[in-house]
Amino acid sequence: MDEGLSKTDIMFTEHLYAPIEQVHFDLFKEKQIEVYIKREDLIHPFIAGNKWRKLKYILQDARYKNKNHLVTFGGAYSNHLLAVACAGAKYNYKTTGLVRGEEVNNHMLGLCKWFGMKLIFVDRESYRNKTKLFDEYFSENNEAYYINEGGAGELGAKGCGEILNGIENDYSHVFCSVGTGCTIEGLINYANENKLHSSIEGVVVLKGGDFLQKQIEEKNFNEANWRLHQNFHEGGYAKTTPELLAFIQNFAAQTGILIDQVYEGKMMKAIFTLAEENYFKKGSKILAIHCGGTLGMLSIVN
Ligand SMILES: *Cc1c(COP(=O)(O)O)cnc(C)c1O
């Protein structure tokens, strides 16, 4: 075993700190429900939450294929780009990020560069065809390894399923936010295979998410209960409303937990709205997965 291989395998033995905490609000008391948060955001400051979970099997696959240059894709505030940049530095891979849109600078891309990632900005039109982009830049490069935007794919989903490893089987609902759908697919698959009683529910953070419903239906997770909520996107991907920002700020002030405006803020706000609408039966026990993204919100904090 070379040193590089053993370094990646550390991802398999590392003890992950992602505790479950209850959050207390009058609304929950009034509706007689309990809400818990799984702090996947605490796994790593830069390889946070579901991004760590996804990269675990992806990086192992790259290593087995003898590829030591990770190439991936993201927007200018991508948590995934930052996770790949940091993981590359930590586990010994070169990294290149293809970034959607005109050249910009912000704290997220700045951190990517500090971790040694090479950034290539590509116009929105070319960005649509990622395999073509990859071939354009890397077809001659035997060391380059293609990672989907957001780390989506089967290996990513497999890692995400492990978020539920070892939890008590007494949650009525497990909630997560949904971008590409990779995380929730992993959770549903895990619930399916392990006969969890929980209903796995996703809050879709983008507008026009019907394709996600189809994408998951096609996987035929027959045993598991799951559901997508399409009405909590607050105007679309990365769009915010004053109500959302006020909610996030109040949540931080009440709990000491930061949630971002792109993903986890929308998920938590949805849980509050659903509770107000008596969606949850009395006695429900809800587990919300906090998948990280906290650094992305630094651009809105002032
Ligand atoms: C990437 C990300 C998501 C979206 O996960 P998908 O697997 O793409 O659905 C949710 N929350 C946070 C914080 C993320 O960084």
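Right, let's walk through the structure included here. Quantities reported herein were computed from a predicted structural model and do not represent experimental measurements.

Calculation criteria
Per-chain numbering applies: the sequence of each chain, read as written, is numbered from 1 onward. Given that this is a predicted model, residues contribute local features only at a pLDDT of at least 70 and side-chain atom pairs are listed and counted only at 80 or more, while totals for whole chains, interfaces and linings are drawn from all residues. With hydrogens and water excluded, all non-hydrogen atoms of the structure serve as input to the side-chain values. Near residues are defined by distance, with any heavy atom within 4 Å of the molecule or strand qualifying the residue. We call two N or O atoms a polar contact when they sit within 3.5 Å, provided that within protein one can donate a hydrogen and the other can accept it, with sequence-adjacent residues counted only if both atoms are side-chain atoms. The numbering of helices and of strands both runs from the N terminus, where a helix is a DSSP run of H or I of at least 4 residues and a strand a run of E of at least 2. When residue character is reported, Ala, Val, Leu, Ile, Met, Phe, Trp, Tyr, Cys and Pro are called nonpolar, Asp, Glu, Lys and Arg charged, and the others, Gly included, polar. Boundaries between domains were set according to an automatic or database domain assignment. What we call a nonpolar core is a set of buried Ala, Val, Leu, Ile, Met, Phe, Trp, Tyr and Cys residues that are connected through their side-chain atoms within 4.5 Å. Under the scheme applied here, a residue whose accessible area is under 20% of the maximum for its type counts as buried, over 50% as exposed, and between as partly exposed, the area being computed with a 1.4 Å probe on protein chains only. Contacts: residue pairs with any heavy atoms within 4.5 Å of one another. To estimate how far a helix should extend, the number of its residues minus one is multiplied by 1.5 Å. Here the bend at each residue means the angle between axes fitted to two seven-residue stretches, the one ending at that residue and the one beginning there.

A few words on the site of the ligand. If you check the shell around the ligand, you find 16 residues, and the closest are Lys51, Lys54, Thr180, Thr183 and Glu264. For the ligand, an oxygen atom lies 2.6 Å from a polar atom in the side chain of Thr183. Mapped by element, the contributors of at least two residues to the shell around the ligand are α3 (49-64), β7 (173-178) and α9 (182-193). With three residues, α3 is the single largest residue contributor to the shell around the ligand. Here the shell around the ligand is composed, by residue class, of four nonpolar, nine polar and three charged. Both domains that furnish three or more residues to the shell around the ligand are identified here as domain 1 (2-46 + 154-299) and domain 2 (50-151).

Let us now look at the nonpolar core. Ile47, Leu55, Leu59, Leu70, Tyr91, Cys112 and Met117 are the most contacted members of the largest nonpolar core, which has 28 residues in total. Contributing elements (two or more residues each) for this core: α3, α4 (79-91) and α5 (107-114). Looking at this core element by element, the count peaks at eight residues for α4. Two domains each donate at least three residues to this core, and these are domain 1 (2-46 + 154-299) and domain 2 (50-151). With near-sequence residues (within four places) excluded, Ile47 lies in contact with Trp52, Leu55, Ala83, Cys86, Ala87 and Lys90.

With that settled, consider the side chain of Thr95. Residue placement: Thr95 occurs in strand β4 (residues 94-100). Thr95 sits in the buried class, given a relative accessible area of 5%. Residues in contact with Thr95, not counting those within four places in the same chain, are His69, Leu70, Val84, Ala85, Gly88, Gly116, Met117 and Lys118.

Before going further, it helps to examine the environment of Phe272. Among the structural elements, Phe272 can be located in helix α12 (residues 264-276). The exposure class assigned to Phe272 is buried, which follows from its relative accessible area of 10%. Here the alpha-carbon distance between Phe272 and Ile33, two residues 239 residues apart in the chain, equals 11 Å.

A separate point is unusual backbone geometry. If you check the backbone angles, Lys195 has positive phi at about 50° while not being a glycine. Note on placement: Lys195 falls in the loop between α9 and β8 (199-204). Of note, Ala238 is a non-glycine position whose phi angle comes to about 65°, a positive value. Looking at where Ala238 falls in the secondary structure, it is placed in the loop between β9 (225-229) and α11 (242-255).

Glancing now at α3. Over its 16 residues, α3 runs 24 Å from end to end, which matches the ideal 22 Å to within 8%, given 1.5 Å per residue. Where α3 bends most, at Leu55, the angle is about 30°. Most of α3 is tucked away: 15 of the 16 residues are buried. Looking one or two places after α3, you find Asn66, whose phi comes out positive at around 60°.

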